[in-house]
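Here is what each chain is made of, one letter per residue.
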Amino acid sequence: MTAFGFVLLSMMVLRELNQFKPERYIYFNANPENPALNAKIVGATRSNNTYRVCNGSTDSTGVGENTFSQRWMNETTPLRSRIISRSEWGARDPILVEKFTGPSAFVIIHHSYTPAACYTSDDCKKAMRSMQDFHQLERGWNDIGYSFGIGGDGNIYVGRGFNVVGAHAPKYNDKSVGICLIGDWRTELPTDKMLQATRDLIAFGLSRGYIHRQYELLGHRQVRPTECPGDRLYNEITKWPHFSPAPNNNKNNNKKYKS
């Protein structure tokens, strides 16, 4: 290749790279045992923060059975969030799975109150099993009520998953993602790792089309009389993008679902 040809090729490559000016990256690890199958980094444009994400293997919940992580490129060390599958935390099979057509119009934030906050993977898995026991065995629901749990270890735990009717917010269960930050967040704030994992999960849902671009972010107390998600956590999410002080549920189809 001539020197002129090399310069021309270099300019073309730089032009392609500069089209995206990546601000955020998503890693989707389809198979950690075989790196050749792993998805590559995909950029997001600065102008509208829309994402393009490589395909990876998915389980029945619509999320990867292994891991994903999102990196926020802001001159700090990239943060990672790992998805813990149902099989990893020892979930029982659901009694019934009822799906709805996405994307979800709402993201609803909860705290567990009990079980208490967990800070190791073993304790967080135990907390997920405890919540499933309570919801399934004592309340007679189909499964753990939440779509996802967030542990103090910074991991994301798959509950019912995306686009599965939940049991966490009456009249919103068939159009929302219910995210439970494990612990009591009335007077204390969840750790930075938990808050970041929650934001990572929302960003992932947006990137995969599970969450609507114009979603409304709500605290559980906005859809029923309850302290949940606790004063400190609620005050925190009011500062996040898409928080809605006055939820609009006019898309409710009033369809009756079992818990």
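This text follows the structure it describes.
Everything numeric in this text was worked out from a predicted model, so none of it was measured.

## Quick look at the environment of Gly230
Okay, step 1: Secondary-structure assignment places Gly230 in the loop between strand 9 (211-219) and helix 5 (231-237).
Okay, step 2: Look at Gly230 and you get buried, because its relative accessible area is 0%.
Okay, step 3: Once you skip the residues sitting within four places of it in the chain, Gly230 turns out to touch His111, Trp185, Arg186 and Arg221.

## Points about the sheet that holds strand 8 (residues 176-181)
Okay, step 1: Read across the open sheet, the six strands follow the order 4-7-6-8-5-9; overall the sheet is mixed. With partners counted over all chains shown, the strands left at the sheet margins are strand 4 (83-84) and strand 9, one partner each.
Okay, step 2: Bridge analysis of strand 4 against strand 7 (residues 156-158) gives two bridges, and the strand direction is parallel. By the bridge assignment, Ile83 is partnered in strand 7 with Ile156.
Okay, step 3: Running at roughly 35° to strand 7, helix 3 (residues 121-138) makes contact with strand 4, strand 6 (148-150), strand 7 and strand 8 of the sheet.
Okay, step 4: Each of strand 5 (104-111), strand 6, strand 7, strand 8 and strand 9 touches helix 4 (residues 192-208); the most contacted strand, strand 9, lies at about 150° to it.

## Concerning the nonpolar core
Nonpolar side chains in soluble globular proteins tend to end up buried together.
Okay, step 1: Counting 27 residues, the largest nonpolar core has Ile179, Leu181 and Leu217 as its most contacted members.
Okay, step 2: Elements with a minimum of two residues in this core: strand 5, strand 6, strand 7, strand 8, helix 4, strand 9 and helix 5.
Okay, step 3: Per-element tally for this core: the top contributor is helix 4, with six residues.
Okay, step 4: If sequence neighbours within four positions are ignored, Ile179 has contacts with Val107, Ile108, Ile109, His110, Phe148, Ile150, Thr198, Leu201 and Ile202.
Okay, step 5: If you look at the next biggest cluster of nonpolar residues, it comprises twelve residues, including Ala127, Met131, Tyr146 and Cys180.

Rules and cut-offs
- Residues numbered from 1 in each chain as written.
- Predicted model: local features only at pLDDT ≥ 70, side-chain atom pairs only at ≥ 80, totals over all residues.
- Heavy atoms only, no water.
- Helix = DSSP H or I, 4+ residues; strand = E, 2+ residues; numbered from the N terminus.
- Buried < 20%, exposed > 50% of the residue type's maximum accessible area, 1.4 Å probe, protein only.
- Contact = heavy atoms within 4.5 Å.
- Pairing = 2+ DSSP bridges.
- Axes fitted to C-alpha atoms, helices over the stretch in contact; angles between N-to-C directions.
- Core = buried A, V, L, I, M, F, W, Y, C linked by side-chain atoms within 4.5 Å.

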